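Here's the letter readout for the chains.
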Amino acid sequence: MSDQDFTTGAAWVPDACTLPTAQRPLRLAEFDRFFGAAVRAAERVSAQHLRLRLDNATQVEETARDLTARESSCCSFFAFDLFRPDAASLTLDVRVPAGHVDVLDALADRVSAVRRRR
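Residues numbered from 1 in each chain as written. Predicted model: local features only at pLDDT ≥ 70, side-chain atom pairs only at ≥ 80, totals over all residues. Heavy atoms only, no water.

Student: Got a minute to help me understand the packing of helix H2 (residues 24-38) against helix H3 (residues 58-74) in this structure?
Tutor: If you want to describe how two helices pack, look at the angle between their axes and the distance between the axes. The contact between H2 and H3 brings their axes to 11 Å, and the two run at 145°. As H2 packs across H3, the resulting crossing turns out to be left-handed. Listed contacts from H3 to Arg27, Glu30, Phe31, Phe34 and Ala38 of H2 are Val60, Thr63, Ala64, Leu67, Arg70, Glu71 and Cys74. Here the residues of the contact of H2 with H3 are counted per class, giving seven nonpolar, one polar and four charged. (Axes fitted to C-alpha atoms, helices over the stretch in contact; angles between N-to-C directions. Helix = DSSP H or I, 4+ residues; strand = E, 2+ residues; numbered from the N terminus. Left-handed = near helix turned anticlockwise from the far one by under 90°. Contact = heavy atoms within 4.5 Å. Nonpolar A, V, L, I, M, F, W, Y, C, P; charged D, E, K, R; others polar.)

Student: Can you walk me through the nonpolar core in this structure?
Tutor: Generally speaking, soluble globular proteins have nonpolar side chains that are buried together. Residues Phe34, Phe35, Leu52, Leu54 and Phe78 are the most contacted members of the largest nonpolar core, which totals 28 residues. Of all the secondary structure elements, the ones that give two or more residues to this core are H2, strand E2 (49-54), H3, strand E4 (90-95) and helix H4 (101-117). Top element by residues in this core is H4. It accounts for six residues. When near neighbours in sequence (up to four residues on either side) are disregarded, Leu52 contacts Phe35, Val39, Ala41, Ala42, Leu90, Thr91, Leu92 and Val111. (Core = buried A, V, L, I, M, F, W, Y, C linked by side-chain atoms within 4.5 Å. Buried < 20%, exposed > 50% of the residue type's maximum accessible area, 1.4 Å probe, protein only.)

Read these as geometric descriptors, not functional statements.
What follows is the structure in structure tokens.
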């Protein structure tokens, strides 16, 4: 991902996204804050599946539910599954169909880049 893509998020905002262009930088900033504050580990389970291990705080869960619901409404190809494998863990699975693996690749790269900046 280039510096330009990292700044604007152009690499992981697909043409299929229906979020108005003017709102995209705001959403991207929300994801960046979430990734930086909440993601503890990221694992690429498969080409179409990214697993994010999150901070276990209640506020993190509320933010994840809100953010993923809004993202699903404009990028319906994303499948988000937020769950607690046990009482001390919170996990967010992100899945995409085969035609959007490039978007998941860019999202995974963004998670890694934001986490490195912390």
